[in-house]
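Observations on the model geometry
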Amino acid sequence: MTETTLPRNSSGGTPIREFRMPDVGEGLTEAEILKWYVQPGDTVTDGQVVCEVETAKAAVELPIPFDGTVHDLRFPEGTTVDVGTVIISVDTAPGGGSAAPAAGDAAFEPPKTEEATREAAETGPAPTPARSEGGDEPQGRQPVLVGYGVSASSTKRRPRKQQPGQAASVPGQNGAAAALQAEMNGHAGAVTAPQQGARPAGPSASAAPGGRPLAKPPVRKLAKDLGVDLATVTPTGPDGIVTRDDVHAAAASAMAVRDVAPAAQAPAAQAAPAEAPAPAVAAGERETRVPVKGVRKATAQAMVASAFTAPHVTEFVTVDVTRTMKLVQELKQDPDMAGLRVNPLLMVAKAFLVAIRRNPEVNAAWDEANQEIVQKHYVNLGIAAATPRGLIVPNVKDAHAKTLPELASSLGELVSTAREGKTSPAAMQGGTVTITNVGVFGVDTGTPILNPGESAILAFGAVKLQPWVHKGKVKPRQVTTLALSFDHRLVDGELGSKVLADIAGVLEHPKRLMTWT
(Lines give C-alpha, C1' and ligand atoms only; values in the text may rest on other atoms or scores of the structure.)
Protein backbone atom coordinates (compact mmCIF):
# COMPACT_ATOMS: atom_id res chain seq x y z
CA MET A 1 0.00 0.00 0.00
CA THR A 2 1.37 3.38 -0.91
CA GLU A 3 -1.18 5.82 0.46
CA THR A 4 -3.24 6.35 3.60
CA THR A 5 -6.27 8.57 4.13
CA LEU A 6 -6.30 10.02 7.63
CA PRO A 7 -9.59 10.72 9.47
CA ARG A 8 -11.36 14.08 9.10
CA ASN A 9 -10.69 16.59 11.82
CA SER A 10 -13.27 17.84 14.29
CA SER A 11 -14.25 20.77 12.09
CA GLY A 12 -15.11 18.50 9.21
CA GLY A 13 -11.98 19.36 7.27
CA THR A 14 -10.76 17.36 4.31
CA PRO A 15 -8.62 14.34 5.23
CA ILE A 16 -4.88 14.41 4.71
CA ARG A 17 -3.71 11.68 2.35
CA GLU A 18 -0.29 10.13 2.84
CA PHE A 19 1.96 8.69 0.16
CA ARG A 20 4.32 5.90 1.15
CA MET A 21 7.62 4.86 -0.39
CA PRO A 22 6.70 2.17 -2.95
CA ASP A 23 8.74 -0.87 -3.91
CA VAL A 24 9.98 0.48 -7.25
CA GLY A 25 11.84 -2.73 -8.01
CA GLU A 26 10.70 -6.20 -6.97
CA GLY A 27 12.29 -7.12 -3.66
CA LEU A 28 13.86 -3.75 -2.82
CA THR A 29 13.54 -2.68 0.81
CA GLU A 30 14.72 0.94 0.83
CA ALA A 31 15.46 3.95 -1.35
CA GLU A 32 17.31 7.24 -0.93
CA ILE A 33 15.46 10.50 -1.62
CA LEU A 34 17.67 12.33 -4.10
CA LYS A 35 15.56 15.38 -4.84
CA TRP A 36 12.18 16.90 -4.00
CA TYR A 37 10.40 18.61 -6.89
CA VAL A 38 7.70 20.11 -4.65
CA GLN A 39 7.54 21.99 -1.34
CA PRO A 40 4.79 22.41 1.28
CA GLY A 41 2.02 24.57 -0.15
CA ASP A 42 2.62 23.53 -3.78
CA THR A 43 -0.34 22.23 -5.77
CA VAL A 44 0.04 18.72 -7.19
CA THR A 45 -2.06 16.72 -9.64
CA ASP A 46 -2.61 13.01 -10.10
CA GLY A 47 0.45 11.58 -11.87
CA GLN A 48 2.74 14.55 -11.19
CA VAL A 49 6.32 13.65 -10.30
CA VAL A 50 7.07 14.84 -6.76
CA CYS A 51 10.51 13.40 -6.08
CA GLU A 52 13.40 11.36 -7.41
CA VAL A 53 14.70 8.39 -5.43
CA GLU A 54 17.67 6.09 -5.89
CA THR A 55 17.39 2.39 -5.18
CA ALA A 56 20.02 -0.27 -5.35
CA LYS A 57 19.28 -0.55 -9.06
CA ALA A 58 18.49 2.86 -10.50
CA ALA A 59 17.22 6.39 -9.99
CA VAL A 60 13.44 6.57 -10.33
CA GLU A 61 10.96 9.48 -10.36
CA LEU A 62 7.86 8.98 -8.20
CA PRO A 63 4.46 10.42 -9.23
CA ILE A 64 1.77 11.26 -6.67
CA PRO A 65 -1.50 9.31 -7.19
CA PHE A 66 -3.94 12.08 -6.24
CA ASP A 67 -4.65 15.83 -6.50
CA GLY A 68 -4.23 18.39 -3.74
CA THR A 69 -1.80 20.68 -1.95
CA VAL A 70 1.42 19.44 -0.35
CA HIS A 71 0.91 19.42 3.42
CA ASP A 72 4.43 18.38 4.42
CA LEU A 73 7.53 16.48 3.35
CA ARG A 74 8.46 13.86 5.90
CA PHE A 75 12.13 13.46 5.00
CA PRO A 76 14.83 15.78 3.64
CA GLU A 77 16.90 15.05 0.55
CA GLY A 78 19.66 12.53 1.11
CA THR A 79 17.67 10.38 3.55
CA THR A 80 17.40 6.62 3.03
CA VAL A 81 13.82 5.53 3.70
CA ASP A 82 12.40 2.04 4.13
CA VAL A 83 9.73 0.85 1.70
CA GLY A 84 6.28 1.48 3.17
CA THR A 85 7.28 4.62 5.10
CA VAL A 86 5.22 7.79 4.60
CA ILE A 87 7.31 10.34 2.70
CA ILE A 88 4.77 13.06 1.83
CA SER A 89 1.24 14.06 2.88
CA VAL A 90 -1.24 15.98 0.71
CA ASP A 91 -4.34 18.02 1.56
CA THR A 92 -6.72 16.82 -1.13
CA ALA A 93 -9.03 19.90 -1.00
CA PRO A 94 -7.30 22.76 0.81
CA GLY A 95 -10.17 25.19 0.24
CA GLY A 96 -12.78 22.90 1.81
CA GLY A 97 -11.86 23.44 5.43
CA SER A 98 -9.11 23.16 7.94
CA ALA A 99 -7.40 19.85 7.44
CA ALA A 100 -5.43 18.14 10.13
CA PRO A 101 -3.64 14.83 10.35
CA ALA A 102 -4.83 12.06 12.60
CA ALA A 103 -4.17 11.96 16.30
CA GLY A 104 -0.54 11.51 17.01
CA ASP A 105 0.46 13.33 13.83
CA ALA A 106 -1.02 16.74 14.61
CA ALA A 107 2.15 18.07 16.20
CA PHE A 108 4.40 16.47 13.62
CA GLU A 109 7.03 18.67 12.05
CA PRO A 110 9.14 17.38 9.17
CA PRO A 111 12.65 16.70 10.44
CA LYS A 112 15.34 18.94 9.01
CA THR A 113 18.30 16.63 9.51
CA GLU A 114 18.94 12.95 9.08
CA GLU A 115 19.49 12.57 12.84
CA ALA A 116 16.17 14.24 13.56
CA THR A 117 14.56 12.08 10.91
CA ARG A 118 15.73 8.91 12.57
CA GLU A 119 14.59 10.13 16.00
CA ALA A 120 11.16 10.89 14.58
CA ALA A 121 10.98 7.44 13.01
CA GLU A 122 11.88 5.86 16.36
CA THR A 123 9.62 7.81 18.69
CA GLY A 124 6.69 8.59 16.38
CA PRO A 125 3.53 6.47 16.18
CA ALA A 126 3.35 3.50 13.86
CA PRO A 127 1.79 4.28 10.45
CA THR A 128 -1.97 3.77 10.34
CA PRO A 129 -2.92 1.10 7.81
CA ALA A 130 -5.10 2.40 4.99
CA ARG A 131 -8.63 1.12 4.66
CA SER A 132 -10.87 1.00 1.66
CA GLU A 133 -14.01 3.09 1.52
CA GLY A 134 -15.94 0.13 2.80
CA GLY A 135 -13.73 -0.14 5.86
CA ASP A 136 -12.16 -3.46 4.88
CA GLU A 137 -8.49 -4.07 5.38
CA PRO A 138 -6.50 -3.98 2.12
CA GLN A 139 -5.60 -7.33 0.66
CA GLY A 140 -2.12 -7.88 -0.82
CA ARG A 141 -0.48 -5.25 -3.01
CA GLN A 142 -2.43 -2.19 -4.08
CA PRO A 143 -2.20 -0.62 -7.57
CA VAL A 144 0.31 2.21 -7.78
CA LEU A 145 1.72 4.45 -10.49
CA VAL A 146 5.31 3.30 -10.02
CA GLY A 147 6.73 -0.06 -8.96
CA TYR A 148 5.08 -2.97 -7.20
CA GLY A 149 3.42 -1.28 -4.24
CA VAL A 150 4.11 -2.36 -0.70
CA SER A 151 3.26 -5.74 0.71
CA ALA A 152 3.02 -6.50 4.40
CA SER A 153 6.33 -8.28 4.38
CA SER A 154 8.23 -6.04 1.96
CA THR A 155 10.30 -4.35 4.66
CA LYS A 156 11.05 -7.40 6.77
CA ARG A 157 14.67 -8.39 6.81
CA ARG A 158 16.28 -11.58 7.91
CA PRO A 159 18.62 -11.32 10.89
CA ARG A 160 22.30 -11.54 10.09
CA LYS A 161 23.61 -15.04 10.63
CA GLN A 162 26.30 -15.13 13.25
CA GLN A 163 28.29 -18.21 14.09
CA PRO A 164 28.76 -19.20 17.73
CA GLY A 165 31.91 -17.63 19.09
CA GLN A 166 32.05 -14.99 16.38
CA ALA A 167 32.47 -11.37 17.46
CA ALA A 168 30.46 -8.57 16.02
CA SER A 169 32.43 -6.52 13.52
CA VAL A 170 33.40 -2.98 14.45
CA PRO A 171 35.00 -0.84 11.72
CA GLY A 172 38.65 -0.13 12.37
CA GLN A 173 39.09 -2.90 14.96
CA ASN A 174 42.10 -5.19 14.92
CA GLY A 175 44.27 -7.40 17.08
CA ALA A 176 43.82 -7.03 20.81
CA ALA A 177 41.03 -4.50 20.42
CA ALA A 178 38.99 -7.12 18.57
CA ALA A 179 39.55 -9.57 21.42
CA LEU A 180 38.31 -7.02 23.94
CA GLN A 181 35.26 -6.27 21.83
CA ALA A 182 34.52 -9.98 21.61
CA GLU A 183 34.57 -10.20 25.40
CA MET A 184 32.41 -7.11 25.70
CA ASN A 185 29.86 -8.60 23.30
CA GLY A 186 29.79 -11.87 25.19
CA HIS A 187 31.18 -14.02 22.36
CA ALA A 188 34.47 -14.88 24.03
CA GLY A 189 35.57 -15.51 27.60
CA ALA A 190 33.71 -13.80 30.41
CA VAL A 191 34.78 -10.26 31.25
CA THR A 192 36.69 -10.40 34.51
CA ALA A 193 36.03 -6.81 35.53
CA PRO A 194 33.06 -4.50 35.10
CA GLN A 195 33.30 -2.03 32.25
CA GLN A 196 33.85 1.57 33.19
CA GLY A 197 31.14 3.93 32.01
CA ALA A 198 28.71 1.06 31.47
CA ARG A 199 25.05 1.45 32.17
CA PRO A 200 23.66 0.22 35.50
CA ALA A 201 22.86 -3.44 35.61
CA GLY A 202 19.41 -4.17 34.26
CA PRO A 203 17.45 -6.77 32.39
CA SER A 204 19.05 -8.13 29.25
CA ALA A 205 17.59 -7.17 25.89
CA SER A 206 14.19 -8.72 25.38
CA ALA A 207 14.01 -10.89 22.32
CA ALA A 208 11.22 -11.27 19.81
CA PRO A 209 10.16 -14.75 18.71
CA GLY A 210 13.18 -16.15 16.90
CA GLY A 211 15.73 -14.61 19.26
CA ARG A 212 15.99 -11.08 17.83
CA PRO A 213 16.36 -8.21 20.32
CA LEU A 214 13.47 -5.77 20.32
CA ALA A 215 14.36 -2.61 18.38
CA LYS A 216 12.75 -0.44 15.74
CA PRO A 217 14.08 -0.47 12.15
CA PRO A 218 15.91 2.90 12.43
CA VAL A 219 17.65 1.65 15.57
CA ARG A 220 18.63 -1.61 13.87
CA LYS A 221 20.04 0.35 10.94
CA LEU A 222 22.00 2.59 13.30
CA ALA A 223 23.40 -0.44 15.11
CA LYS A 224 24.39 -2.01 11.80
CA ASP A 225 26.10 1.19 10.63
CA LEU A 226 28.04 1.47 13.90
CA GLY A 227 28.91 -2.24 14.05
CA VAL A 228 27.03 -2.84 17.31
CA ASP A 229 25.57 -6.26 18.14
CA LEU A 230 22.05 -5.56 19.47
CA ALA A 231 22.09 -8.83 21.41
CA THR A 232 24.76 -7.38 23.71
CA VAL A 233 23.10 -4.01 24.33
CA THR A 234 21.29 -3.40 27.64
CA PRO A 235 17.87 -1.92 26.75
CA THR A 236 16.43 1.07 28.60
CA GLY A 237 13.27 1.57 26.58
CA PRO A 238 9.79 0.41 27.57
CA ASP A 239 9.18 -3.35 27.46
CA GLY A 240 12.88 -3.98 26.93
CA ILE A 241 13.18 -2.12 23.63
CA VAL A 242 16.68 -1.03 22.59
CA THR A 243 16.80 2.74 21.93
CA ARG A 244 19.17 4.92 19.94
CA ASP A 245 20.85 6.09 23.15
CA ASP A 246 21.55 2.48 24.07
CA VAL A 247 23.21 1.87 20.69
CA HIS A 248 25.26 5.08 20.90
CA ALA A 249 26.43 4.09 24.39
CA ALA A 250 27.54 0.66 23.16
CA ALA A 251 29.30 2.20 20.14
CA ALA A 252 31.07 4.72 22.38
CA SER A 253 32.29 1.90 24.62
CA ALA A 254 33.62 0.06 21.57
CA MET A 255 35.47 3.20 20.49
CA ALA A 256 36.97 3.50 23.90
CA VAL A 257 38.21 -0.06 23.56
CA ARG A 258 39.96 0.87 20.32
CA ASP A 259 41.54 3.87 22.02
CA VAL A 260 43.11 1.66 24.67
CA ALA A 261 43.95 -1.23 22.34
CA PRO A 262 47.65 -1.33 23.36
CA ALA A 263 46.58 -2.10 26.90
CA ALA A 264 44.38 -4.97 25.82
CA GLN A 265 47.11 -7.51 26.54
CA ALA A 266 46.53 -7.05 30.28
CA PRO A 267 44.32 -9.81 31.76
CA ALA A 268 41.93 -7.35 33.40
CA ALA A 269 41.80 -4.73 30.65
CA GLN A 270 38.87 -2.37 30.94
CA ALA A 271 37.18 -0.10 28.40
CA ALA A 272 37.69 3.66 28.72
CA PRO A 273 34.70 5.89 29.62
CA ALA A 274 32.13 6.34 26.89
CA GLU A 275 32.84 9.08 24.38
CA ALA A 276 31.09 10.56 21.37
CA PRO A 277 31.31 8.56 18.09
CA ALA A 278 34.45 9.16 16.01
CA PRO A 279 34.10 11.35 12.91
CA ALA A 280 34.00 9.69 9.51
CA VAL A 281 37.22 11.46 8.50
CA ALA A 282 40.41 10.39 10.29
CA ALA A 283 42.67 12.84 12.12
CA GLY A 284 44.46 15.14 9.69
CA GLU A 285 41.83 14.38 7.01
CA ARG A 286 44.12 11.87 5.35
CA GLU A 287 41.22 9.48 4.85
CA THR A 288 37.60 9.89 3.88
CA ARG A 289 34.92 7.29 4.53
CA VAL A 290 32.17 7.11 1.93
CA PRO A 291 28.95 5.25 2.82
CA VAL A 292 28.34 2.26 0.57
CA LYS A 293 24.79 2.51 -0.74
CA GLY A 294 22.65 2.63 -3.85
CA VAL A 295 24.18 1.40 -7.09
CA ARG A 296 27.65 0.97 -5.56
CA LYS A 297 26.26 -1.29 -2.83
CA ALA A 298 24.28 -3.38 -5.31
CA THR A 299 27.29 -3.71 -7.62
CA ALA A 300 29.56 -4.84 -4.79
CA GLN A 301 27.08 -7.46 -3.62
CA ALA A 302 26.49 -8.74 -7.15
CA MET A 303 30.19 -9.00 -8.00
CA VAL A 304 31.05 -10.83 -4.78
CA ALA A 305 28.13 -13.22 -5.27
CA SER A 306 29.15 -13.90 -8.87
CA ALA A 307 32.87 -14.30 -8.24
CA PHE A 308 32.36 -16.80 -5.42
CA THR A 309 29.43 -18.69 -6.95
CA ALA A 310 30.16 -19.18 -10.65
CA PRO A 311 33.54 -20.74 -11.57
CA HIS A 312 34.94 -18.20 -14.03
CA VAL A 313 37.07 -19.05 -17.04
CA THR A 314 38.44 -16.28 -19.31
CA GLU A 315 39.84 -16.78 -22.82
CA PHE A 316 41.52 -14.21 -25.03
CA VAL A 317 41.99 -13.62 -28.75
CA THR A 318 43.70 -10.83 -30.70
CA VAL A 319 42.09 -10.07 -34.02
CA ASP A 320 42.57 -7.84 -37.07
CA VAL A 321 39.43 -5.67 -37.28
CA THR A 322 40.54 -3.41 -40.14
CA ARG A 323 37.70 -4.55 -42.41
CA THR A 324 35.14 -4.02 -39.67
CA MET A 325 36.42 -0.49 -39.03
CA LYS A 326 36.05 0.27 -42.75
CA LEU A 327 32.50 -1.12 -42.67
CA VAL A 328 31.67 1.17 -39.73
CA GLN A 329 32.71 4.19 -41.79
CA GLU A 330 30.63 2.99 -44.76
CA LEU A 331 27.55 2.39 -42.59
CA LYS A 332 27.75 5.94 -41.24
CA GLN A 333 27.08 7.13 -44.82
CA ASP A 334 24.27 4.63 -45.42
CA PRO A 335 20.82 6.31 -45.63
CA ASP A 336 19.26 3.40 -43.72
CA MET A 337 21.51 4.21 -40.74
CA ALA A 338 20.95 7.97 -40.82
CA GLY A 339 20.55 9.46 -37.36
CA LEU A 340 21.68 6.26 -35.64
CA ARG A 341 24.77 5.69 -33.51
CA VAL A 342 27.14 3.58 -35.64
CA ASN A 343 30.36 2.55 -33.91
CA PRO A 344 32.59 -0.50 -33.40
CA LEU A 345 30.54 -1.57 -30.36
CA LEU A 346 27.53 -2.05 -32.62
CA MET A 347 29.52 -4.47 -34.80
CA VAL A 348 30.86 -6.33 -31.76
CA ALA A 349 27.30 -6.71 -30.46
CA LYS A 350 26.12 -8.07 -33.80
CA ALA A 351 29.08 -10.47 -33.97
CA PHE A 352 28.27 -11.71 -30.44
CA LEU A 353 24.66 -12.36 -31.46
CA VAL A 354 25.78 -14.29 -34.54
CA ALA A 355 28.12 -16.41 -32.40
CA ILE A 356 25.26 -17.19 -29.97
CA ARG A 357 23.03 -18.22 -32.87
CA ARG A 358 25.73 -20.62 -34.04
CA ASN A 359 26.36 -21.88 -30.50
CA PRO A 360 22.99 -21.58 -28.67
CA GLU A 361 24.12 -23.71 -25.70
CA VAL A 362 26.16 -20.76 -24.41
CA ASN A 363 22.98 -18.76 -23.78
CA ALA A 364 21.87 -20.45 -20.58
CA ALA A 365 21.53 -20.08 -16.82
CA TRP A 366 22.30 -22.29 -13.84
CA ASP A 367 19.32 -23.13 -11.58
CA GLU A 368 20.92 -24.19 -8.31
CA ALA A 369 17.64 -24.83 -6.49
CA ASN A 370 16.31 -27.29 -9.08
CA GLN A 371 19.73 -28.49 -10.28
CA GLU A 372 18.86 -27.63 -13.87
CA ILE A 373 20.46 -25.80 -16.78
CA VAL A 374 17.97 -23.35 -18.28
CA GLN A 375 18.48 -22.96 -22.02
CA LYS A 376 17.24 -19.56 -23.20
CA HIS A 377 15.84 -19.09 -26.67
CA TYR A 378 16.12 -15.31 -26.54
CA VAL A 379 19.03 -12.93 -26.00
CA ASN A 380 18.75 -9.94 -23.69
CA LEU A 381 22.07 -8.28 -24.46
CA GLY A 382 23.52 -6.30 -21.54
CA ILE A 383 25.86 -3.34 -22.02
CA ALA A 384 27.97 -2.34 -19.02
CA ALA A 385 27.68 1.42 -18.55
CA ALA A 386 29.71 3.64 -16.23
CA THR A 387 27.49 6.36 -14.72
CA PRO A 388 28.07 9.02 -12.04
CA ARG A 389 26.24 6.74 -9.61
CA GLY A 390 28.31 3.67 -10.46
CA LEU A 391 28.32 0.73 -12.87
CA ILE A 392 24.99 -0.46 -14.22
CA VAL A 393 24.16 -3.10 -16.84
CA PRO A 394 20.92 -2.35 -18.71
CA ASN A 395 20.06 -4.77 -21.50
CA VAL A 396 18.48 -4.72 -24.94
CA LYS A 397 15.45 -7.01 -24.82
CA ASP A 398 15.23 -9.65 -27.56
CA ALA A 399 18.38 -8.37 -29.24
CA HIS A 400 18.58 -11.57 -31.29
CA ALA A 401 15.48 -10.57 -33.25
CA LYS A 402 16.61 -7.06 -34.18
CA THR A 403 17.97 -5.88 -37.49
CA LEU A 404 21.19 -3.86 -37.52
CA PRO A 405 19.35 -0.49 -37.61
CA GLU A 406 17.03 -1.63 -34.82
CA LEU A 407 19.97 -2.80 -32.73
CA ALA A 408 21.77 0.51 -33.30
CA SER A 409 18.68 2.42 -32.20
CA SER A 410 18.25 0.31 -29.06
CA LEU A 411 21.92 0.63 -28.09
CA GLY A 412 21.85 4.39 -28.61
CA GLU A 413 18.74 4.80 -26.46
CA LEU A 414 20.17 2.51 -23.78
CA VAL A 415 23.43 4.46 -23.51
CA SER A 416 21.72 7.86 -23.49
CA THR A 417 19.26 6.83 -20.80
CA ALA A 418 22.06 5.42 -18.65
CA ARG A 419 24.13 8.61 -18.89
CA GLU A 420 21.10 10.66 -17.83
CA GLY A 421 20.59 8.38 -14.84
CA LYS A 422 17.08 7.47 -16.00
CA THR A 423 17.53 3.72 -16.50
CA SER A 424 14.55 1.86 -15.07
CA PRO A 425 14.92 -1.24 -12.87
CA ALA A 426 13.12 -3.30 -15.53
CA ALA A 427 15.81 -2.40 -18.08
CA MET A 428 18.44 -4.03 -15.86
CA GLN A 429 16.60 -7.28 -15.23
CA GLY A 430 16.56 -10.47 -17.25
CA GLY A 431 19.92 -10.16 -19.00
CA THR A 432 21.46 -13.29 -20.55
CA VAL A 433 24.92 -12.13 -21.76
CA THR A 434 26.84 -8.85 -21.47
CA ILE A 435 29.44 -6.75 -23.30
CA THR A 436 31.82 -4.43 -21.46
CA ASN A 437 33.64 -1.93 -23.63
CA VAL A 438 36.91 -1.34 -21.76
CA GLY A 439 38.52 -0.06 -24.96
CA VAL A 440 36.98 3.39 -24.49
CA PHE A 441 39.46 3.86 -21.63
CA GLY A 442 42.43 2.85 -23.79
CA VAL A 443 42.67 -0.56 -22.09
CA ASP A 444 43.70 -3.57 -24.17
CA THR A 445 41.46 -6.08 -22.38
CA GLY A 446 40.50 -7.46 -18.98
CA THR A 447 39.04 -10.45 -17.13
CA PRO A 448 35.43 -9.36 -16.61
CA ILE A 449 33.23 -10.81 -13.88
CA LEU A 450 29.91 -12.29 -14.91
CA ASN A 451 26.71 -10.44 -14.20
CA PRO A 452 24.83 -12.71 -11.74
CA GLY A 453 22.52 -15.14 -13.52
CA GLU A 454 24.27 -14.79 -16.87
CA SER A 455 26.47 -17.27 -18.69
CA ALA A 456 29.04 -15.08 -20.47
CA ILE A 457 30.50 -11.58 -20.66
CA LEU A 458 32.65 -10.21 -23.48
CA ALA A 459 35.31 -7.55 -22.93
CA PHE A 460 36.04 -5.41 -26.02
CA GLY A 461 39.49 -3.82 -25.87
CA ALA A 462 40.94 -0.74 -27.52
CA VAL A 463 41.41 -0.80 -31.31
CA LYS A 464 45.01 0.15 -32.06
CA LEU A 465 47.15 0.45 -35.17
CA GLN A 466 49.74 -2.35 -34.93
CA PRO A 467 52.15 -4.21 -37.24
CA TRP A 468 50.36 -7.29 -38.51
CA VAL A 469 51.13 -9.98 -41.05
CA HIS A 470 48.58 -9.48 -43.83
CA LYS A 471 48.77 -11.44 -47.08
CA GLY A 472 52.35 -12.44 -46.33
CA LYS A 473 53.58 -8.94 -45.54
CA VAL A 474 53.92 -6.94 -42.36
CA LYS A 475 51.51 -4.03 -42.56
CA PRO A 476 49.93 -1.58 -40.13
CA ARG A 477 46.48 -2.95 -39.28
CA GLN A 478 43.78 -2.06 -36.79
CA VAL A 479 43.89 -4.70 -34.08
CA THR A 480 41.95 -5.37 -30.89
CA THR A 481 41.90 -7.98 -28.12
CA LEU A 482 38.72 -9.72 -27.00
CA ALA A 483 38.25 -11.54 -23.69
CA LEU A 484 35.35 -13.87 -22.99
CA SER A 485 34.56 -14.91 -19.42
CA PHE A 486 32.03 -17.70 -18.96
CA ASP A 487 30.47 -19.85 -16.25
CA HIS A 488 32.33 -23.15 -16.39
CA ARG A 489 29.34 -24.97 -14.89
CA LEU A 490 27.45 -24.17 -18.08
CA VAL A 491 30.11 -23.66 -20.70
CA ASP A 492 32.91 -26.10 -21.39
CA GLY A 493 36.23 -24.90 -22.75
CA GLU A 494 35.39 -26.16 -26.24
CA LEU A 495 32.09 -24.28 -26.38
CA GLY A 496 33.60 -21.10 -24.96
CA SER A 497 36.43 -21.27 -27.50
CA LYS A 498 34.00 -21.71 -30.38
CA VAL A 499 31.97 -18.69 -29.31
CA LEU A 500 35.05 -16.48 -28.99
CA ALA A 501 36.45 -17.73 -32.31
CA ASP A 502 33.16 -16.99 -34.07
CA ILE A 503 33.09 -13.44 -32.69
CA ALA A 504 36.63 -12.88 -33.88
CA GLY A 505 35.80 -14.45 -37.24
CA VAL A 506 32.94 -12.03 -37.88
CA LEU A 507 35.00 -9.00 -36.87
CA GLU A 508 37.92 -10.08 -39.07
CA HIS A 509 35.66 -10.84 -42.05
CA PRO A 510 32.39 -8.90 -41.55
CA LYS A 511 30.89 -10.45 -44.71
CA ARG A 512 30.20 -13.44 -42.45
CA LEU A 513 27.34 -11.40 -41.01
CA MET A 514 25.55 -12.49 -44.18
CA THR A 515 27.03 -15.95 -44.80
CA TRP A 516 26.61 -17.13 -41.15
CA THR A 517 23.04 -15.90 -40.65
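Residues numbered from 1 in each chain as written. Predicted model: local features only at pLDDT ≥ 70, side-chain atom pairs only at ≥ 80, totals over all residues. Heavy atoms only, no water.

When helices and strands are tallied, the protein shows 10 helices and 20 strands. Here the protein holds 517 residues, and the buried ones make up 43% of them. When the accessible surface of the protein is totalled, it reaches about 26600 Å², and 53% of it is carbon and sulfur. (Helix = DSSP H or I, 4+ residues; strand = E, 2+ residues; numbered from the N terminus. Buried < 20%, exposed > 50% of the residue type's maximum accessible area, 1.4 Å probe, protein only. Areas by Shrake-Rupley, 256 points an atom, 1.4 Å probe, with all protein chains shown as cover.)

Tracing the chain through its elements places Ala-426 in the loop between helix H8 (404–419) and strand S17 (433–436). Owing to a relative accessible area of 47%, Ala-426 belongs among the partly exposed residues under this scheme. Separated by 31 residues in the primary sequence, Ala-426 and Asn-395 place their C-alpha atoms 9.3 Å from one another.

Turning next to the packing of helix H7 (residues 344–358) against H8. The contact between H7 and H8 brings their axes to 10 Å, and the two run at 120 degrees. In terms of their interaxial angle, H7 and H8 are classed as oblique. Like other packed secondary-structure pairs, H7 and H8 cross with a definite hand, here right-handed. When H7 is examined against H8, the residues Leu-346, Ala-349, Lys-350 and Leu-353 are found in contact with a partner set consisting of Leu-404, Leu-407, Ala-408 and Leu-411. Of the residues that constitute the contact of H7 with H8, the class distribution is 7 nonpolar, no polar and 1 charged. (Axes fitted to C-alpha atoms, helices over the stretch in contact; angles between N-to-C directions. Parallel < 35°, antiparallel > 145°, perpendicular 65-115°, else oblique. Left-handed = near helix turned anticlockwise from the far one by under 90°. Contact = heavy atoms within 4.5 Å. Nonpolar A, V, L, I, M, F, W, Y, C, P; charged D, E, K, R; others polar.)

Our focus in this paragraph is H7. The end-to-end C-alpha distance of H7 is 21 Å, a good match for the 21 Å that 15 residues give at a rise of 1.5 Å each. Within H7, 12 of the 15 residues are buried, leaving the element largely enclosed by the surrounding structure. Buried within H7 we find Leu-345, Leu-346, Met-347, Val-348, Ala-349, Lys-350, Ala-351, Phe-352, Leu-353, Val-354, Ala-355 and Ile-356. (Expected span 1.5 Å × (residues − 1).)

A full pass over the atoms with the stated rule returns 9 salt bridges. In this structure, Arg-74 engages Glu-18 in a salt bridge whose closest nitrogen and oxygen atoms are separated by 3.1 Å. Pair noted here: Arg-74 is in the loop between strand S7 (68–73) and strand S8 (80–82) and Glu-18 is in strand S2 (residues 16–20), with a separation of 56 residues, a long-range link. Of the two residues, Arg-74 and Glu-18, both sit in the buried class. One salt bridge in this structure joins Arg-489 and Asp-487, with 2.7 Å as the shortest N-O distance. (Salt bridge = Lys/Arg side-chain N within 4 Å of Asp/Glu carboxyl O.)

What follows concerns the packing of aromatic side chains. For the structure shown, the criterion picks out 0 aromatic pairs. Sitting above the plane of the Trp-516 ring, Arg-358 keeps its charged end 3.9 Å from the centroid. (Phe/Tyr/Trp six-rings, centres within 6.5 Å; stacked < 30°, edge-to-face > 60°. Lys NZ or Arg CZ within 6 Å of the ring centre and 35° of its normal.)

This part covers the pairing of S17. Neither face of S17 is open: one carries Val-433 and Ile-435, the other Thr-434 and Thr-436, and all of them are buried. Across 3 bridges, strand S13 (residues 381–383) lies against S17 in parallel orientation. Considered in S17, the bridge of Ile-383 is made with Ile-435. When S17 meets strand S18 (residues 456–460), the two strands line up parallel, connected through 4 bridges. The partner of Thr-436 across the bridge, within S18, is Ala-459. (Pairing = 2+ DSSP bridges.)

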